[in-house]
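Spelled out, the chains give:
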Amino acid sequence: MYDFKPLSPEAIPRALERAERYRLLNEPAEAESICRDVLRVEPRNQRALVTLLLALTDAFDEGMADAVSQAQAVLAQLEGAYEQAYYAGIISERRAKARLKQGGPGSGYVAFELLREAMGCYERAEAVRPAGNDDALLRWNACARILERSPQLTPAPEDRSEQPLE
């Protein structure tokens with residue numbers, strides 16, 4: 001279709017600043033585009049990968065069907081056990097929040113499970129976090145507070161119906 005114009009390597013730091021600014025302006029598609037341009041030049045650029053992952057999770061509320069699988073594909077490219085665990089938690093937490101906003105039957109059960117999944121990821125990140133970095137603890141606490149404030153968020157009831165014998 002189109003031959004995208006490549007960035008110069010010298011422009012990458014400024015481009016990443018712009019991507020972060022677009023995220024703050026609630027323009028995840030713009031941030032995503034910039035990150036993809038950076039990654040065409042530097043495919044393993046961790047700052048671009050993190051910003052791309054966050055931009056994709058910003059789009060969860062918009063119902064982007066493939067945003068979750070794209071975010072998980074970006075997650076697989078992150079280096080480091082802490083980054084893998086922490087950003088896996090971010091994906092689960094933001095999926096839970098998006099599910100709550102969408103509502104519908106069973107949304108409380110799904111959101112509960114996703115928040116608990118996020119909390120497990122944050123606990124793994126906490127175990128390998130760099131000194132002085134308590135971000136995973138802050139996110140775990142935020143998830144716990146959501147669960148405390150939202151009595152509708154509960155585990156799904158167990159299916160107690162009997163299965164027919166074959």
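Residues numbered from 1 in each chain as written. Predicted model: local features only at pLDDT ≥ 70, side-chain atom pairs only at ≥ 80, totals over all residues. Heavy atoms only, no water.

Asker: Account for the nonpolar core, naming residues and giving values.
Answerer: Soluble, globular proteins show a tendency: their nonpolar side chains are buried together. Formed by 47 residues in total, the largest nonpolar core has its most connected members in Leu53, Tyr86 and Tyr87. Listed by contribution, the elements that provide at least two residues to this core are helix H1 (12-24), helix H2 (28-41), helix H3 (46-58), helix H4 (67-75), helix H5 (81-102), helix H6 (107-127) and helix H7 (135-149). Excluding anything up to four places from it in sequence, Tyr87 contacts Val50, Leu53, Leu54, Leu75 and Leu78. (Core = buried A, V, L, I, M, F, W, Y, C linked by side-chain atoms within 4.5 Å. Buried < 20%, exposed > 50% of the residue type's maximum accessible area, 1.4 Å probe, protein only. Helix = DSSP H or I, 4+ residues; strand = E, 2+ residues; numbered from the N terminus. Contact = heavy atoms within 4.5 Å.)

Asker: Can you break down H4 residue by residue, with the values?
Answerer: When H4 is considered as a whole, its buried residues turn out to be Ala67, Ala71, Val74 and Leu75. Along the axis of H4, the buried residues cluster in a sector spanning 105°; they form a single face. In this structure, the buried side of H4 is in contact with H3 and H5. (Arc of directions from axis to C-beta.)

Asker: Describe the side chain of Glu32, with residues and values.
Answerer: Examined against the element boundaries, Glu32 turns out to sit in helix H2. Classification of Glu32 by relative accessible area gives buried; the value is 17%. Among residues more than four places away in sequence, those in contact with Glu32 are Leu52, Ala55, Leu56 and Gln70.

Asker: Talk me through a nonpolar patch on the surface; I want residue IDs and the actual numbers.
Answerer: Residues Met1, Tyr2 and Phe4 make up a contiguous nonpolar surface patch of about 540 Å² in total accessible area. Note that Met1 resides in the segment before H1. (Patch = residues over 30% accessible without salt bridge, like charges linked within 9 Å, V, L, I, M, F, W, Y side chains within 5 Å. Areas by Shrake-Rupley, 256 points an atom, 1.4 Å probe, with all protein chains shown as cover. Salt bridge = Lys/Arg side-chain N within 4 Å of Asp/Glu carboxyl O.)

Asker: Please give an account of the pattern of salt bridges that cites residues and values.
Answerer: Under the counting rule described, the total for this entry stands at ten salt bridges. Put simply, Arg23 and Asp58 hold a salt bridge, and the shortest N to O gap is 2.8 Å. Residue Arg23 is located in helix H1, and its partner Asp58 is located in helix H3; the two are separated by 35 residues in the primary sequence. The class for Arg23 is partly exposed, based on a relative accessible area of 21%.

Asker: Describe the environment of Ala144, listing the residues and the values that go with them.
Answerer: For Ala144, the location among the structural elements is in helix H7. Given the relative accessible area of 17%, Ala144 is considered buried. As a C-alpha pair, Ala144 and Arg116 span 28 residues in sequence and 8.6 Å in three-dimensional space.

Asker: Talk me through the state of the cysteines; I want residue IDs and the actual numbers.
Answerer: Counting across every chain of the model gives zero disulfides. Cysteine Cys143 is unpaired, with the sulfur of Cys121 as its nearest cysteine sulfur at 9.6 Å. (Disulfide = S-S within 2.5 Å.)

Asker: Give me the lowdown on the packing of H6 against H7, citing residues and values where you can.
Answerer: As a packed pair, H6 and H7 sit with axes 9 Å apart at the nearest point and diverge in direction by 155°. Classed by the angle they form, the pair H6 and H7 counts as roughly antiparallel. Both H6 and H7 take part in a crossing whose hand is left-handed. The segment H6 lies against H7, with Phe112, Leu115, Arg116, Ala118, Met119, Tyr122, Glu123, Ala125 and Glu126 engaging Ala136, Leu137, Arg139, Trp140, Cys143, Ala144, Ile146 and Leu147. (Axes fitted to C-alpha atoms, helices over the stretch in contact; angles between N-to-C directions. Parallel < 35°, antiparallel > 145°, perpendicular 65-115°, else oblique. Left-handed = near helix turned anticlockwise from the far one by under 90°.)

Asker: Please set out the packing of H1 against H2 residue by residue, giving values where relevant.
Answerer: As a packed pair, H1 and H2 sit with axes 8 Å apart at the nearest point and diverge in direction by 160°. Classified by the angle between their axes, H1 and H2 sit roughly antiparallel to one another. In terms of crossing hand, the pair formed by H1 and H2 is left-handed. Here Ile12, Ala15, Leu16, Arg18, Ala19, Tyr22 and Arg23 of H1 lie close against H2, whose contacting residues are Glu30, Ala31, Ile34, Cys35, Val38 and Val41. For the contact of H1 with H2, a count of residues per class yields ten nonpolar, no polar and three charged. (Nonpolar A, V, L, I, M, F, W, Y, C, P; charged D, E, K, R; others polar.)

Asker: Summarise the packing of aromatic side chains; cite the residues concerned and give the values.
Answerer: Under the counting rule described, the total for this entry stands at three aromatic pairs. With centroids separated by 5.6 Å and ring planes inclined at 15°, the aromatic side chains of Tyr82 and Tyr86 adopt a geometry described as stacked. Here Tyr86 and Tyr82 lie together in helix H5, a separation of four residues that amounts to about one turn. By relative accessible area, which is 8% here, Tyr82 ends up buried. Accessibility expressed as a relative area gives 10% for Tyr86, which makes it buried. Geometrically, the ring pair formed by Tyr86 and Tyr87 is edge-to-face, given 5.0 Å between the ring centres and 90° between the ring planes. Considered together, Tyr86 and Tyr87 belong to a single accessibility category, that of buried residues. A network of ring pairs unites the aromatic residues Tyr82, Tyr86, Tyr87 and Tyr122 as a single cluster. (Phe/Tyr/Trp six-rings, centres within 6.5 Å; stacked < 30°, edge-to-face > 60°.)

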